[in-house]
Amino acid sequence: MKYWKYYVFVCVVFGFLYIGSIQIHAEEVTQPEAVEQTETEAPVSTTDVSTSDTADTQSISDDQQDIEYTSHIQGIGWETEEHANGELSGTQGESKRLEAIKINLPDHNDFIQYQVHVQDIGWMDYVSGGEIAGTTGQAKRIEALRIRLLGDLANTYNVIYRTHVQNYGWLKWVMNDTISGTTGQSLRIEAIEILLAKKDVEAASGNNVVYDAHVQNIGWQSKVQNGQIAGTVGKNYRLEAVHVFLSNQTIDGDIQYQTHIQNLGWQDWKTDGQLSGTTGQSLRLEAIRIRLTGAISQYYDVYYRVQVQDYGWLAWTCDGQIAGTTGLSKRFEAIEIILVQNISNKPSSSSTISYFDHQTAKNYVQTMVGFQFVNDGNSQVFCDLNGNLVMPSYQLGNTKYIMNLSGIIIQKKTSTSEISSVVKHWGVDISQHNGSDFDVTPYDFVLIRSNYGTTTDPLLETYVNACIQADIPYGFYCYSYALSVDDAHTEAAYTLALANQYKPTLGIWYDMEDADNYKTNRGVWTKDATLSFCQTFCKDVKSMGWYTGIYSSSWFIQNWYNTGLEDYDKWVAQWDANDGQYHSDTHTLGSIHQYTSVDDKYPNGLDKNAMYVDFDYYTLV
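The rules we used
Residues numbered from 1 in each chain as written. Predicted model: local features only at pLDDT ≥ 70, side-chain atom pairs only at ≥ 80, totals over all residues. Heavy atoms only, no water. Helix = DSSP H or I, 4+ residues; strand = E, 2+ residues; numbered from the N terminus. Buried < 20%, exposed > 50% of the residue type's maximum accessible area, 1.4 Å probe, protein only. Polar contact = N/O pair within 3.5 Å; in protein donor to acceptor, adjacent residues only side chain to side chain. Contact = heavy atoms within 4.5 Å. pLDDT = per-residue confidence, 0-100. Phe/Tyr/Trp six-rings, centres within 6.5 Å; stacked < 30°, edge-to-face > 60°.

Caption draft 1: How the structure looks around the side chain of serine 450. Along the polypeptide, serine 450 turns up in strand S37 (residues 445–452). Owing to a relative accessible area of 0%, serine 450 belongs among the buried residues under this scheme. Of note is the side chain of serine 450, whose polar atom sits 2.5 Å from the side chain of asparagine 451. In contact with serine 450, not counting residues within four places along its chain, are Thr455, Thr456, Asp457, Leu460, Phe476, Tyr477, Cys478, Thr495 and Leu498.

The following block contains the structure:
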């Protein structure tokens, strides 16, 4: 966060065209180091790699092109058979690392390149089709990889792939030179799946989702599709089973779904029209989750919602998240499912809650606080995908009630703090550029860079320990390298993992700037794009019970982020004379003001901040 002066200059030059800057089963896209002090530290692109050696143009057949691949596996060596077109290469459940891979495009090997990140080595050079990427005989794991097409083939196909990673399982499908895997976490890739999909299908019609329901007293209903209601409304009949499948399909891939059943719990995942649920046993469906796999997951999200006994229609949710209830003995009575090709077409509803869990938490909210849990917007009960209570809380006015895993109150916090023009605390924000010997003791609070993209700040733990030892409260910020909404989801998941480990008390902040022109150079430093990244990150973080907001300059907060982020706090960068002194009051914009980057004790600069609230303001979410 050291380049705001240069930043404003760039803004003027460009006429303000480019101004200013689960579950972790998602792609781990490791972005380059954020430049915060010297221009010589400009990052290396993770996507723009020279293709001056692009293959000579060859004729590409209209027939579907096959892609074949094989892996060198710990303790096994090279697989004896090649895999093709989305098949699994490697192992699952055996904790064996991939050490090398080979990818073949029959008759077109000059049109594909791939690169791997290897233990103790880092990123190796790109290789072409049929060549070995990685190592053999050195017992080194592959940790990440990316694959790209060249020439006419790149104009005709997308290459789509995903990796199975130690501790995380299958990551999200990615494509076209996007990183899949992890770096900086010492985690092995254990398996990979790769396929090709023609680009012209992106605009093709079709790709309908079709479903039917087995209903109490009715039996199997007629099939419906694309957001129509399956089940009944107003009759109090339970759904007992469903089929879901895709029709008129122009993109390869499957739809999978899983139901939570009375007395039985979660069933296994079903695929493409298989029965999920029961018939003839009078057992209600209580919850469902649905996801797409394969190439189609790159072009569509699957959205769905359910009508639940006593609650009515819950909110739309998507892509493997839970809709319904568990542990509440509530039937769901109807369901709607739709495929969404563009996020702008995302369905909406009046409800903001898609999943409820834990009768004790619900009872507490209803009886002790006096509000209906389902209808009150302040209710927050957070669960993981297995239905385990993660962080239950309930806020009523200035009081926040926090419950344990059984839903029993364990803490009650009350705050009268409001944002005002009075500076309550003085602090700093720091990253590795401030050095391992930085003294935190002179300050009331510290905001620590936890990560840039999906790379942990090397001094994070050092700074956290220093704050703990000095009894100084601290918060985290993630310097964003997101180029897409998916990247923002990934950055949120990565930051949340660090927050769960290190427990910041002053919130999790999303640093939205473009100090090194990384976003500008890739065409995403725009109001609409960066606003969507901020909304995604903050929503994900808040949904897990953390206080959150964005960091940006006052100009952007007033012009780019003045609408669409009303639910989130702002950390405002406004340096005025930038002489080390506090000059202006920005409390109407947000609770924290970064007022200078100058300090006489630090020749390389120090970001100093004023806080307009008491510390407990950030514990009330």
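There's plenty left to go through after this.
Caption draft 2: Broad picture of the confidence of the model for the protein chain. Averaged over all residues, the pLDDT of the protein chain equals 78, while 75% of them reach at least 70. Ignoring residues within four places in sequence, the model shows residues 348–392, a span with pLDDT below 50, making 123 contacts including any to other chains. Segment residues 404–408 is flagged for pLDDT under 50; beyond a separation of four residues in sequence, or across chains, it makes twelve contacts in the model.

Caption draft 3: Inspection of unusual backbone geometry at higher detail. Backbone geometry places aspartate 272, a non-glycine residue, at a positive phi of 50°. Summarising the element assignment, aspartate 272 is placed in the loop between strand S23 (270–271) and strand S24 (276–277). Aspartate 272 sits in the partly exposed class, given a relative accessible area of 33%.

Caption draft 4: Broad picture of the packing of aromatic side chains. All chains considered together, the criterion is met by 24 aromatic pairs. Taking the centre distance of 5.3 Å and the plane angle of 85° together, the rings of tryptophan 426 and tyrosine 582 count as edge-to-face. Here the residue tryptophan 426 occupies a position in strand S36 (residues 425–430), and tyrosine 582 occupies one in the loop between strand S42 (569–573) and strand S43 (592–596), the gap between them amounting to 156 residues. Tryptophan 426 gets classed as partly exposed once you look at its relative accessible area, which sits at 36%. By relative accessible area, tyrosine 582 is classed as partly exposed at 26%. A ring pair is formed by tryptophan 509 and tyrosine 547, whose centres lie 6.2 Å apart and whose planes are at 55°; its orientation type is tilted. With tryptophan 509 in strand S40 (residues 508–511) and tyrosine 547 in the loop between helix H7 (527–543) and strand S41 (548–553), this pair connects stretches of sequence that are 38 residues apart. Like tyrosine 547, tryptophan 509 is buried. These aromatic residues form a ring-pair network of at least three members: Tyr477, Trp509, Tyr547, Tyr551, Trp571, Tyr617 and Tyr618.

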